[in-house]
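Each chain, letter by letter, is given below.
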Amino acid sequence: PVYTQDDVTKHRTLEDGVWVTYNGSVYDITDFVAVHPGGDKIMLAAGGALEPFWALYAVHNQEHVLEILAEYKVGEL
Ligand code: HEM
């Protein structure tokens with residue numbers, strides 16, 4: 001399915017679900033938040049784009065991080 005930015009913005013809590021976007025795709029990462037190696041910081045991106053945060057935390061610039069992200073894809077932006 002195709003989602004709008006507004007749909008994504010509505011998902012920024014664990015109660016409502018935590019969605020993020022990356023490179024034109026939408027991800028429901030609700031179940032990943034608790035196991036993120038970087039802890040609660042991941043919630044800074046809730047309801048929005050990962051790119052500005054991943055630009056700051058270059059640890060994400062690895063193939064295995066993108067493989068994890070891919071598991072949570074729910075649609076396109
Ligand atoms: C570390 C995944 C979002 C901050 C990591 C690692 C993974 C990961 C796999 C460990 C990498 C390694 O050591 O090889 C993800 C995924 C995200 C996400 C899949 C989104 C769905 C974020 C966001 C932030 C963030 C938005 C900051 C606002 C960090 C930090 C670490 C980290 C600071 C380093 C933790 C440490 O080694 O002490 N993340 N991350 N992450 N992440 Fe994320």
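Above this note sits the structure.
I will try to describe carefully the structure that is included in this document. All figures in this text were calculated on a predicted structure; none of them were measured in a lab.

Secondary structure summary: the protein contains three helices and four strands in total. Helices (α) and strands (β) of the protein occur, in sequence order from the N terminus, as α-β-β-β-α-α-β. Computed over the C-alpha atoms, the radius of gyration of the protein is 11 Å, within 12% of the 11 Å expected from 2.2 N^0.38 for a compact globule of 77 residues. The buried share of the protein, taken over its 77 residues, is 34%. Residue pairs at least 24 apart in sequence account for 64% of intrachain contacts in the protein once pairs closer than 6 positions are excluded. Within the structure as shown, the protein displays about 4,900 Å² of accessible surface, and the carbon and sulfur contribution to it stands at 56%. Between the averaged position of the 4 positive side-chain charges in the protein and that of its 12 negative side-chain charges there is a distance of 7 Å.

Ideal donor angles around a metal are set by the shape: a four-donor tetrahedron calls for 109.5 degrees, a six-donor octahedron for 90 or 180 degrees. Around the iron atom of the ligand, the protein supplies H36 (NE2) and H60 (NE2) as donor atoms, at distances of 2.0 Å. What the six donor atoms of the iron atom of the ligand show is an angle range of 88 to 179° at the metal, which sorts the shape as octahedral. You can see H36 sitting in the loop between β3 (25-28) and α2 (51-56) and its partner H60 sitting in the loop between α2 and α3 (63-70), a full 24 residues away along the chain. Grouping residues by exposure puts H36 and H60 together as buried.

With respect to spatial proximity, 20 residues lie near the ligand, and among them H36, W54, H60, Q62 and H64 are the closest. Between Q62 and the ligand, the recorded distance is 3.0 Å, taken from a side-chain N or O atom to an oxygen atom. Within the residue set of the shell around the ligand, elements represented by two or more residues are α2 and α3. Counting residues per element, the shell around the ligand draws most heavily on α3, at four residues.

Basis of the calculations
Residues numbered from 1 in each chain as written. Predicted model: local features only at pLDDT ≥ 70, side-chain atom pairs only at ≥ 80, totals over all residues. Heavy atoms only, no water. Helix = DSSP H or I, 4+ residues; strand = E, 2+ residues; numbered from the N terminus. Rg over C-alpha atoms; globule rule 2.2 N^0.38 Å. Buried < 20%, exposed > 50% of the residue type's maximum accessible area, 1.4 Å probe, protein only. Contact = heavy atoms within 4.5 Å. Areas by Shrake-Rupley, 256 points an atom, 1.4 Å probe, with all protein chains shown as cover. Lys, Arg positive; Asp, Glu negative; His and termini not counted. Charge placed at Lys NZ, Arg CZ, Asp CG, Glu CD. Donors = N, O, S within 2.8 Å, 3.2 Å for Na, K, Ca; no water. Tetrahedral: all angles 85-135°; square planar, octahedral: opposite > 155°, others 65-115°. Near = heavy atom within 4 Å. Polar contact = N/O pair within 3.5 Å; in protein donor to acceptor, adjacent residues only side chain to side chain.

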